[in-house]
Structure formats: C-alpha cells, structure tokens
Amino acid sequence: MSKKKHETPMLDELKKGPWPSFVKEIEKAAVKSETANDTLGQVEKSYRTRRGYWKHGGIVGVLGYGGGVIGRYTSLPEEFPGVKFFHTVRINQPSGWFYTSKALREICDIWDKYGSGLTNIHGSTGDLVLLGTNTESLEAIFAEYSSRGWDLGGSGSAMRTPSCCLGPARCEWSNINTLEINYQLTQEFQDELHRPAFPYKFKIKTSGCAVDCVASIARADLSIIGTWRGKIQIDQSEVQNYAKKGMNINAEIVNMCPTQCITYDGKEMKIDDAECSRCMHCIAKMTKALRPSGERGATLLMGSKAPIVVGSLLSWVIVPFIKLEPPYKELKELIRKMIEWWDENSKPRERIGEVIEIKGMRSFLEYIGVPPSPAQVKWPRKDPFIFFKDEDFEKVFKKGKY
Amino acid sequence: MSLPQRKTDIGPPHYEQFLPPVIKKNLGKWKYHEVINPGLMVHVAEGGDKIWTVRVASPRILSTDTIREISDIADKFCGGYLRFTSRNNVEFLISDEKNVEPIQKELKAKGYTIGGIGPRISNVIHTQGWVHCHSACTDASGLVKAMMDELYDYFTTKELPNKVRLAVACCVNMCGAVH
Ligand code: HEM
Ligand code: HEM
Ligand code: SF4
Ligand code: SF4
Ligand code: SF4
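Okay, so let's go over this structure. These numbers come from a predicted model, not from an experiment. Sequence order as written defines the numbering, with residues in each chain counted from 1. Note on labels: chains are lettered from A, ligands numbered from 1, in written order. Per-residue local features are limited, in this predicted model, to residues with pLDDT of at least 70; the limit for side-chain atom pairs, both in listing and counting, is 80 or more; totals at the level of whole chains, interfaces and linings are taken over all residues. Heavy atoms from the whole structure form the basis of all side-chain values; hydrogens and water molecules are not counted.

**A closer look at the overall build of chain A**
On a plain count of helices and strands, chain A comes out with 15 helices and 16 strands. Once the C-alpha set of chain A is aligned to its principal axes, its extents read approximately 80 × 60 × 40 Å. Within the span of chain A, comprising 402 residues, buried residues form 58% of the whole. For the accessible areas, the method is Shrake-Rupley and the probe is 1.4 Å, while residue cover comes only from the protein chains on display. Only carbon and sulfur atoms are counted for the fraction: they give 54% of the accessible area of chain A, which is about 17100 Å². This count recognises Lys and Arg as positive and Asp and Glu as negative, with His and chain-terminal groups excluded. A charge is said to be at NZ when it belongs to Lys, at CZ for Arg, at CG for Asp and at CD for Glu. Averaging the positions of the 57 positive and the 49 negative side-chain charges in chain A gives two centres separated by 3 Å. Strands here mean DSSP runs of E at least two residues long; helices mean DSSP runs of H or I at least four residues long; both are numbered from the N terminus. Only protein chains enter the accessibility calculation, which uses a 1.4 Å probe. A residue is then buried if its area is under 20% of the maximum for its type, exposed if over 50%, and partly exposed in between.

**Thoughts on the layout of surface pockets**
Residues and elements named next belong to chain A. Cavities and pockets are found on a 1 Å grid laid over the protein atoms alone: a cavity is a set of points where a 1.4 Å probe fits but cannot escape, a pocket is an open set with protein on both sides within 12 Å along at least five of seven lines, and a lining residue has an atom within 4 Å of such a point. Grid points are joined across faces, edges and corners, and a volume is the space filled by probe spheres set on the points. A volume near 980 Å³ is recorded for the second largest pocket. Of all the elements in the fold, those that place two or more residues in the lining of the second largest pocket are strand S2 (69-70) and strand S4 (87-91). Along the lines of polarity and charge, the residues of the lining of the second largest pocket split into 15 nonpolar, 24 polar and 8 charged. Classification used: nonpolar for Ala, Val, Leu, Ile, Met, Phe, Trp, Tyr, Cys and Pro, charged for Asp, Glu, Lys and Arg, polar for all others including Gly.

**Concerning the sheet that holds strand S9 (residues 204-207) of chain A**
All names here are of chain A. By the convention used here, strands pair only if DSSP detects at least 2 bridges between them. One open sheet accounts for 5 strands, arranged S8-S9-S10-S15-S16; its pairing is mixed. Two strands bound the open sheet, and with one partner strand each, they are strand S8 (163-164) and strand S16 (316-322). Here 4 bridges tie strand S15 (residues 296-302) to S16, and the two strands are oriented antiparallel to one another. By the bridge assignment, leucine 301 is partnered in S16 with valine 317.

**Remarks on the packing of helix H4 (residues 101-114) of chain A against helix H2 (residues 64-78) of chain B**
Angles run from 0 to 180 degrees between N-to-C directions of axes, and those axes are lines fitted to C-alpha atoms, restricted for helices to the stretch in contact. Two numbers describe how H4 of chain A lies on H2 of chain B: the axes approach to 9 Å, and their chain directions differ by 160 degrees. Judged by the inter-axis angle, H4 of chain A sits roughly antiparallel to H2 of chain B. In this structure, H4 of chain A crosses over H2 of chain B, and the sense of that crossing is left-handed. Residue-level contacts link Ser101, Leu104, Arg105, Cys108, Asp109, Trp111 and Asp112 of chain A of H4 of chain A to Thr64, Ile67, Arg68, Ser71, Asp72 and Asp75 of chain B of H2 of chain B. These descriptions rest on fixed angle ranges, namely under 35 degrees for roughly parallel, over 145 for roughly antiparallel, 65 to 115 for roughly perpendicular, and the rest for oblique. With the far helix as reference, a near helix turned anticlockwise by less than a right angle produces a left-handed crossing, and one turned clockwise produces a right-handed crossing. Here a residue-residue contact requires only that any non-hydrogen atoms of the pair lie within 4.5 Å.

**Thoughts on a nonpolar patch on the surface**
Taken together, the side chains of Phe388, Phe393 and Phe397 of chain A make up a nonpolar region of the molecular surface, amounting to roughly 370 Å² of accessible area. With respect to the helices and strands, the residue phenylalanine 388 of chain A is situated in the loop between helix H14 (361-368) and helix H15 (390-398). A patch is a set of surface residues, each over 30% in relative accessible area and not in a salt bridge, joined within 9 Å for like charges and within 5 Å for the nonpolar side chains Val, Leu, Ile, Met, Phe, Trp and Tyr. What counts as a salt bridge is simple: a side-chain nitrogen of Lys or Arg found within 4 Å of a carboxyl oxygen of Asp or Glu.

**Here's the deal with the sheet that holds strand S7 (residues 128-133) of chain A**
The pairing of strands in a sheet comes from backbone hydrogen bonds and takes either a parallel or an antiparallel form. Taken in spatial order, the 5 strands make up an open sheet running S2(A)-S4(A)-S7(A)-S6(A)-S4(B), and their pairing is antiparallel. Where the open sheet ends on each side, the last strands, each with one partner, are S2 of chain A together with strand S4 (61-63) of chain B. In this fold H2 of chain B packs onto strand S6 (118-121) of chain A together with S4 of chain B, with an angle of close to 80 degrees to the strand it touches most, S4 of chain B.

**Notes on the interface of chain A and chain B**
At the interface, 101 residues of chain A touch 85 residues of chain B. Note on definitions: buried area is the accessible-area loss of two parts on being combined, 1.4 Å probe, summed for both. Around 8100 Å² of area is buried between chain A and chain B when both sides are counted, 59% of it from carbon and sulfur atoms. Area buried by chain A at its contact with chain B is led by Trp19, Ile121 and Arg170 of chain A, which between them contribute 12% of it. Summed over the shared surface of chain A and chain B, the number is 11 salt bridges. A salt bridge links aspartate 75 of chain B to arginine 105 of chain A; its shortest N-O distance comes to 2.6 Å. Polar contact is defined as a pair of N or O atoms within 3.5 Å, subject to the rule that within protein one atom must be able to donate a hydrogen and the other to accept it, and that residues adjacent in sequence are counted only when both atoms are side-chain atoms. Viewed at the interface, chain B and chain A are joined by 52 residue pairs in polar contact (both at pLDDT 80 or more). No other element matches the 10 residues that H4 of chain A contributes to the side of chain A that touches chain B. Of the residues that constitute the side of chain A that touches chain B, the class distribution is 46 nonpolar, 29 polar and 26 charged. Summarising the sheet, strand S5 (residues 98-100) of chain A and strand S5 (residues 81-84) of chain B pair through 3 bridges and their orientation is antiparallel. Pairing of tyrosine 99 of chain A across the sheet is with leucine 82 of chain B, part of S5 of chain B.

**Some remarks on the site of ligand 5**
Here a residue is considered near a molecule or strand provided that any single heavy atom belonging to it is located within 4 Å of it. Every residue lining ligand 5 is accounted for by Thr127, Gln128, Cys133, Ser135, Ala136, Cys170, Cys171, Asn173, Met174 and Cys175 of chain B. For the shell around ligand 5, the class distribution of residues is 6 nonpolar, 4 polar and no charged.

**Remarks on the nonpolar core**
Within this scheme, the nonpolar core is defined by two criteria: the residues are buried Ala, Val, Leu, Ile, Met, Phe, Trp, Tyr or Cys, and they are joined through side-chain atoms within 4.5 Å. Of all hydrophobic cores here, the largest spans 67 residues; its most connected members are Phe98, Tyr99 and Tyr145 of chain A together with Phe92, Ile103 and Leu107 of chain B. If you tally residues by element for this core, the top one is H4 of chain A, at 7 residues. With near-sequence residues (within four places) excluded, isoleucine 103 of chain B lies in contact with Val54, Ile73, Phe77, Cys78, Phe92 and Ile94 of chain B. Formed by 37 residues, the second largest nonpolar core is a distinct cluster that contains Phe189, Leu324, Ile335 and Met361 of chain A.

**Section: the packing of aromatic side chains**
Any two rings among Phe, Tyr and Trp, with Trp reduced to its six-membered ring, count as a pair given centres within 6.5 Å; such a pair is stacked if its planes are under 30 degrees apart, edge-to-face if over 60, and tilted if neither. Across all of its chains, the model carries 14 aromatic pairs over all chains by this definition. Counting every residue linked through ring pairs, the aromatic cluster contains Tyr99 and Trp150 of chain A together with Phe18 and Phe84 of chain B. Two conditions define a charge located above a ring, namely a distance within 6 Å from the ring centre to NZ of Lys or CZ of Arg, and an angle within 35 degrees of the ring normal. Taking NZ or CZ as reference, lysine 45 of chain A lies 5.7 Å from the ring centre of tyrosine 53 of chain A, over its face. The positively charged end of arginine 351 of chain A is found above the aromatic ring belonging to tyrosine 200 of chain A, 5.9 Å away from the centroid.

Structure below.
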C-alpha cells in the first residue's frame, strides 16, 4: 500500500461532477503502485505549468518484435522517480472488443504484477493499452501474455492493429462478417504488424454497413465497408406501423434520402434501387420495415488520415464492390499489392492516400489491377486525377476517330 | 520464479470464445433492435431469441480494480459476457430478461453513468494528453471530463436530432485519428 504522495488540488477538481473521472481511476491504481502515484504528481504539475513532461525515445521492445511497446520516460526523474520508465504495452484486442470477465481478470492480474495497474480501454486504433511499466519487465510481460494467447499490437511504421464493428454478432445491418474478416487480416499480416518495414503506418478498419460504427472512412488507410447489390425489401405493413407511431415519413425519410429515390404517397413506399447509394439512412430509421437483399459484399475505400504531415484526407472508393468470403484470398492479395505499390513509390512518412494523390490514380490502379470507374470520383466535378499517356491518345487516333 | 514459454505472432485470441451463447447461435441472424431507454436496447433474432445491452460510460483510463468491478457485475448478470464500444463505452450483454432491471439498478447504485444509445452525445473519443504522451499541447482526459460534466444530460437522457460524436486530440498527429 502506498500513501498519496502528492497534493493535487487541480486534479481534485476533476473528481467532482457527474461524468466518470479518470483522476479517480489513477488514484485507485496509486493505492498499489508508485508508478501511478507519481503519474498523479506529474499530471498535476502539467496542469500547473501547462506543459507535458514525458520523453519519447530509446528503442524498447521485446525480442524479435519491432513494435507493440512505446518507450516513455519522465523528464523529471528526481521529482517523480516512480515514472522514470512509463512504457506502454499494446495488447491486440479480440475482434469487436468482446471479452469475458475471466479474460479481463487474467489481463488485470498480469498487469498488476508488472505495471502501474492503469490501462486505456481502448486506444483509438483498437488495442487494449497497458500504461506504465519499466524496461526490465517487458520480456516477462510478453511471456505471461503470449503464453496465455494474447499477442502485442502494432506500432511505428507498420501494419497497425486492425479493428472492426461488431457486425453479425449483434447487428441486423451487417452485410459481411466483420469479426472474421478482421481476425483473418490480423493473422495474415502478423509479420508486417510486429516488424515495422513500411514507409509509415497502415491501418485497416472494417464496418458492416455505411453507418460505419468504427468510423473507418475517417481513420483507416483501408476502409472496408459492407454493402449490397440487390433491392431494399419493403414491408409495407411495417411502414404503416411507423407512420401510426408518429413518424413523418416524408420529412424524416423521403426528403432525407440523399439521392431522392424514395416516394411515399401515404399508403405505399417505393424505392428506385438503381438510384440508391446504399447510405443506410432509411434502413437505420425504419429497421423493421426495410432490409437490403441480394448479393452482399463490401466497398473498399482508401486514403483517410489525420492532418499530419500535409493535411487530412477521408477515404474514397477504390473498389466499388467486392465479395468477401473466407478465406478472403482476393482481399489479402489486393492489400499486399496496395502495400507494395505504396512501398515502391513513397518517401518516408507518406501515408498511402497522399502517395495516390501525388502519383495519380492511374499508376495505383494499374499496379493493383483494378479498372478505373466513375465510382472512384470523390465528388461531382472532382476528377479522379488520372493522367493520360501517349499510347492512350494513339489508341484513339488509330481508331480514326479524330 | 520462472516465466512461461513465450509465443510469437499468434495474433489476438479468436473472438468466438468471448461471444455469449445467444450471439453465437444467432450470428448474422438478427432481425431488428429497439432502444428501450437511453442506456438499454434489445436485439431480436429471426427466430425470436433476444439479447439486451446496457451501456455505461467509461473514462477510458481504467484501473485494474475498476475492470475487476465491471467483471463482477458481468458475472452476476451476464454470465460474464461484456464488450467495449469503439467509443470506449462498456456494454453489458444480458441473455436473461430477468437480469435486465436488476443490473440497471445495481449500476445506478454503484454510480455508473448509464446512457449513450440513440440520438444523443455518446462517449468522447480522445487521445492521451499529459497522462502519457510526449507531444501533447494540452491534456485530453481532463478536457473531456470537464466537457462531459457539462453535457452529462445529453448522454443520459436528452434527445438530439441525430447522434453526436465528439472527439478531442491533443496535437495534429490526432493519434488513432480520433473520430
Ligand atoms: C482543345 C481544347 C480544350 C481542351 C484540351 C480543354 C480542356 C479542359 C480541361 C482539362 C478542363 C478541366 C476539366 C475538369 O477538371 O473537370 C476544362 C474545363 C472547361 N473547359 Fe475546356 N478545353 C478545351 C476547349 C474549351 C473551349 C473551346 C471552351 C469554351 C468555349 C472550354 C470551356 C471549358 C469550361 C467552361 C470548363 C469548366 C467546366 C466545368 O468545370 O464544369 N474548353 N477544359
Ligand atoms: C448574366 C449572365 C450570366 C449569369 C448571371 C451567370 C451566372 C453564373 C453562375 C451563378 C454560375 C455558377 C458559378 C459557380 O457556382 O461556380 C455560372 C457558371 C458558369 N457560367 Fe455563367 N452566367 C452568365 C453568363 C454566362 C455566359 C454568357 C457564359 C458563356 C458564354 C457562361 C458560362 C458559364 C460557365 C461555363 C459556367 C461554369 C463555370 C465553372 O463552374 O467552372 N455564363 N454562371
Ligand atoms: S457499422 Fe453497420 S453493421 Fe457495423 S455495427 Fe454499425 S450499423 Fe451495424
Ligand atoms: S439507403 Fe440511402 S440512398 Fe438508398 S434509399 Fe435509403 S436513404 Fe435513399
Ligand atoms: S494527439 Fe498528439 S499529443 Fe495527443 S496523444 Fe496523440 S500524438 Fe500525443
């Protein structure tokens, strides 16, 4: 048991109020851990001086891996000796973040033995993050976790830990088995995940439909989003039930359809499926009345990234429709080609989306073997930056068209 | 003390072992769901099976003791099954209808914040801030805490025209690209 070492009047303010308090969590851990105790002290100091005191640097990790552990040290080791080392360990989460209490307790017991008792559940990439341990403990931590079936996640210029929505586990809208796709891709790219050899990070996120619960379109180099090719089936009596319960179908559904392909005359709802962009709005609002039918698969989009270094991007369509069935051979091969092209054409710290913008879609599409299509246009009047070559013009001239 | 034999490149454990039986049985066979209250929904399968979900907020930074407490609650009412959402909420997965009311009561009594389902402000995705990042221009957890104290009712009760997703990043790296 360790007593609270530091006065923390500013952090104490953040124990008040109704929302769950992270300060209370650090205090809870501080009862058992000097590391957590000095974390409190240092964060309080940061609040006072308005700057951070953590240092990066020094390569730390486990034998044979180049990632999964982030080295962290305090720049004030005399003042806060408990956080002289404050390395974080990324544990690769199970698909869809499902756990059992038994599994969580196992994770906690090991962590209490070697670390601060503090966690991030979860990091934004998806990993279960353990916060604060020292260099000597890393091999032991890895042996304890890996022998029980838990592996490290990715970090650095590598494949990052893929993540996905819960999909078929508890969602009627999922067009694909997000959980299995995510698991299979994580297994496929273990080497790339643990041994950084890429120009920069590469993230894959999978959502079962366009509601995109893991925001794959905004934060994955490869966004896999489930979709369908058939019609939206309409249960007219359920439509009437929604109307009876007070839904203003014209205002809330028909007028909100982005492609204006729904009509409703008060009795019957009709959808012009050829015009539907499968945005999910109507289905998400009227889940009992509407459901997709026919062939299921996914749209592959690429390129989203945070502002650093040259500006943020959202993913745009590369493959309008791909069927995704185990063992996902076509998808895996396609991803390997994408990464190869990126590796050959980029400078260090350029994400794949930036490289596609610089080199053009043509070079990228030809390499990965995907034909150009109007669906790849980001938005109206934004051309998909295809550069023409001499032979394209020759082809046209030879046909004698001009 | 000797350590167990380490293994490399095994990847994460397969998700299936963490799925409640009713989910395993109805994988991909859900028909519809209903939001019963801001912290409770029920999913109904084609064959009529049901699973209830109670969602509570988390500060994302969790101590092992809190995780054990959450695990105890899952043991008591959920056969030990629970999950986390992409926005750091905890979801208790309840297969037995008779546990639906008692778990909400117990969570309330223990001071958990129930809510976040439907057209509301869900939990805030955020980065690491002064708690453990070297390049943080500001704290992240503290900002989120102060902000959600203020917006608390929008998580627990109040309705909005649609879902609202808030996020905080403490530098332009936006690590994990908060969403
Ligand atoms: C050989 C002759 C021409 C070439 C190679 C040419 C080429 C182009 C190109 C590459 C664009 C940009 C398309 C885009 O980024 O979406 C463009 C746009 C445009 N051009 Fe031409 N152009 C030619 C002749 C003309 C002529 C004679 C006119 C008018 C009388 C004209 C009017 C326009 C207009 C108004 C736009 C803007 C269209 C829009 O953004 O909606 N062009 N042209
Ligand atoms: C009083 C006369 C005119 C008015 C009030 C007018 C108004 C406009 C407006 C409001 C736009 C849309 C600008 C935008 O949102 O980007 C536009 C675009 C355009 N106008 Fe006109 N216009 C007039 C005459 C003309 C004439 C005489 C021509 C051609 C000979 C012309 C050719 C165009 C073209 C090609 C565009 C599209 C340019 C682009 O978006 O790149 N307009 N005009
Ligand atoms: S992204 Fe779609 S399929 Fe996945 S959980 Fe969300 S609504 Fe369901
Ligand atoms: S899915 Fe979207 S585009 Fe298609 S009909 Fe419904 S609202 Fe319209
Ligand atoms: S956003 Fe920047 S400062 Fe904040 S945790 Fe991520 S890398 Fe660190």
